[in-house]
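Structure at a glance
One letter stands for each residue in the lines below.
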Amino acid sequence: MSSGKKKLKDLLQQSDNRTCADCGAHDPKWASPTIGVFICLKCCGVHRTLGPNVSKVLSVTIDEWADEEIDAMIEVGGNSSANSIYEANVPEGVKPGPDASIDQRTKFIRSKYEHQEFLQQGLKISSNKTTLQASPSKKLSFRAPSSSSAPKPEHVDGAIGHLKFTILQGANLAVRDMLSSDPYVVLMLAEQKVQTTIQRSNLNPIWNEELMLSIPEDYGPVKLQVFDYDRFSADDIMGEAEIDIQPMMTSAMAYGDASMFGDMQIGKWLKSPDNALLEDSTVDIVDGKIKQEVSLQLQNVESGILYLEIEWIAP
Ligand SMILES: [Zn+2]
């Protein structure tokens, strides 16, 4: 037996892989390296109908496996790890049992993988075929819907304007997995929650991603959290910080149309023992725009710095 096939057999012996990822039937003998799950014959039939872009299925015992297909299975780590992603939010009673009809099975499997209805909120998994062939370890790319290049502000009643947060980069972030972490940044204000993409295995990630928040009249601080995306369990927190937007908002209100002014400093958020600032953060007019550069020492964590920029977007 080739060492690859042996690794695959070992993975199959793992307890969570002794039952079908989709219906729980015992002793699955099929697998989808596209997704990283072991499945039973009946579910395999449904996976075939999804097409190989969504799920290419192979027999564990009969088919020849390419090395990268085996690696892809090993990277995902088995059924419970895959299901912690694909079934993160599956409503009770929706998952079929081993005796489910083809219709029930089909409905569930399509919802689970094709429409990705049960993923953790904000997550989308795109399986890119060219990437898969070129580099199987980068098979899954995770992205948050808010990370498009032109973020659209959510409509919030009574918003007095918007703040565009450019999450620039992190440095020396905490290790949450074996050797590294898969960090992403979440910003929260009132009911709003926006997040960056997930950076795989990177403690010094560069995001350069824009996130937009509507500012209500009675705004408080913006809450920032960094998480380690975890396939096995709930995402681990890698630090947090509060961003006091008062200096920015006061300056923005005072200067109104910033394009009428030359470059100058118009406000400041001061570093203090009570806040997460690494250094004083000034609010400036730059090329007619009101901007603030912020360096944060992440709190409640052993290490981690986050750099971001805030820009006022008038209503
Ligand atoms: Zn099954």
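In this numbering scheme, every chain counts its residues from 1 along its sequence in written order. For a predicted model such as this one, the threshold for reporting local features is a pLDDT of at least 70, and the threshold for listing and counting side-chain atom pairs is 80 or more; totals across whole chains, interfaces and linings nevertheless cover every residue.

Here we have four strands laid out as an open sheet, ordered 8-7-10-11, and antiparallel in their pairing. Looking at which strands have only one partner, the edges of the open sheet turn out to be strand 8 (192–195) and strand 11 (236–243). For this sheet, the mean angle separating the axes of adjacent strands, direction not counted, is 20 degrees. Strands were regarded as paired on the criterion that DSSP finds at least two bridges between them. A run of DSSP states H or I qualifies as a helix once it reaches four residues; a run of E qualifies as a strand once it reaches two. Both are numbered from the N-terminal end. The convention used is that axes are lines fitted to C-alpha atoms, helices contributing only their stretch in contact, and that angles between N-to-C directions extend from 0 to 180 degrees.

Here glycine 4 shows up in helix 1 (residues 3–13). C-alpha separation for the pair glycine 4 and aspartate 67, spaced 63 residues apart in sequence, amounts to 6.4 Å. If sequence neighbours within four positions are ignored, glycine 4 has contacts with Trp65, Asp67 and Ile70. By the convention adopted here, residues make contact when the C-beta atoms placed from their backbones lie within 7 Å.

Predicted confidence across the protein chain gives a mean pLDDT of 86, with 88% of residues reaching 70 or more. The quantity called pLDDT is the predictor's confidence in a given residue, expressed from 0 to 100. Overall, residues 128–150 carries pLDDT values under 50, and its contacts beyond four positions in sequence, including any with other chains, amount to 38 contacts.

Relative to strand 8, strand 7 (residues 183–189) is paired through four bridges, and the arrangement is antiparallel. From the neighbouring strand, methionine 188 faces strand 8, where its bridge partner is lysine 193. Counted between consecutive antiparallel strands, the loop separating strand 7 from strand 8 contains two residues, among which alanine 190 sits at a positive phi close to 50 degrees.

This next bit is on the environment of lysine 164. You can see lysine 164 is positioned in strand 6 (residues 159–171). Of the residues examined, lysine 164 has 17 C-beta atoms within 10 Å and is grouped as partly exposed. Distance in space between the C-alpha atoms of lysine 164 and glutamate 309 is 8.1 Å, their sequence separation being 145 residues. Not counting the four nearest positions on each side in its chain, lysine 164 is found in contact with Glu210, Met212, Glu311 and Ile313. Neighbour counting defines burial: a residue surrounded by 20 or more other C-beta atoms within 10 Å of its own C-beta is buried, one with 12 or fewer is exposed, and intermediate counts give partly exposed, using backbone-placed C-beta atoms.

Below, the discussion takes up helix 4 (residues 79–86). Regarding helix 4, the residues found buried are Asn79, Ala82, Ile85 and Tyr86. The buried residues of helix 4 occupy an angular sector of 125 degrees when projected down its axis, which confines them to one face. Within this analysis, the arc is defined by the directions that extend from the helix axis to the C-beta atoms.

Moving on, we come to helix 3 (residues 67–76). The set of residues buried in helix 3 consists of Glu69, Ile70, Ala72, Met73 and Val76. Buried residues of helix 3, viewed axially, fall in a sector of 155 degrees; they line one side. Tucked into the core, helix 3 has its buried residues touching helix 1, strand 1 (30–32), strand 3 (58–59) and helix 4. One or two positions beyond helix 3, positive phi appears at glycine 77, with a value near 95 degrees.

Here we take up the sheet that holds strand 14 (residues 289–297). Strand order in the open sheet made by the six strands is 9-6-15-14-13-12, with antiparallel pairing throughout. Single-partner strands in this sheet number two, and they are strand 9 (206–216) and strand 12 (264–269). Neighbour-to-neighbour, the strand axes of the sheet open up by a mean angle of 25 degrees, direction not taken into account. Alignment of strand 6 against strand 9, held across nine bridges, turns out to be antiparallel. If you follow leucine 163 over to strand 9, its bridge partner there is leucine 213.

Outside of glycine, negative phi angles account for most residues, and trans bonds account for most peptide bonds. In this structure, asparagine 172 is a non-glycine residue whose phi angle is positive, near 55 degrees. Even without being glycine, serine 201 reaches a positive phi, approximately 40 degrees. If you trace the backbone, serine 201 turns up in the loop between strand 8 and strand 9. For serine 201, a count of 13 C-beta atoms within 10 Å translates into the label partly exposed.

Let's shift gears to the packing of helix 2 (residues 41–50) against helix 5 (residues 102–114). For the pair helix 2 and helix 5, the least separation of the axes is 10 Å and the interaxial angle reads 55 degrees. As judged from the angle between their axes, helix 2 and helix 5 are oblique. When you trace helix 2 past helix 5, the crossing you get is right-handed. Two secondary-structure elements touch here, helix 2 through Lys42, Cys43, Val46, His47 and Leu50 and helix 5 through Arg105, Thr106, Ile109, Arg110, Tyr113 and Glu114. Under the scheme applied, nonpolar residues are Ala, Val, Leu, Ile, Met, Phe, Trp, Tyr, Cys and Pro; charged residues are Asp, Glu, Lys and Arg; polar residues are all the others, including Gly. Along the lines of polarity and charge, the residues of the contact of helix 2 with helix 5 split into five nonpolar, two polar and four charged. Angles are sorted into four bins: roughly parallel if under 35 degrees, roughly antiparallel if over 145, roughly perpendicular if 65 to 115, and oblique for all others. For a crossing to be left-handed, the near helix must be turned anticlockwise from the far one by less than a right angle; the clockwise case is right-handed.

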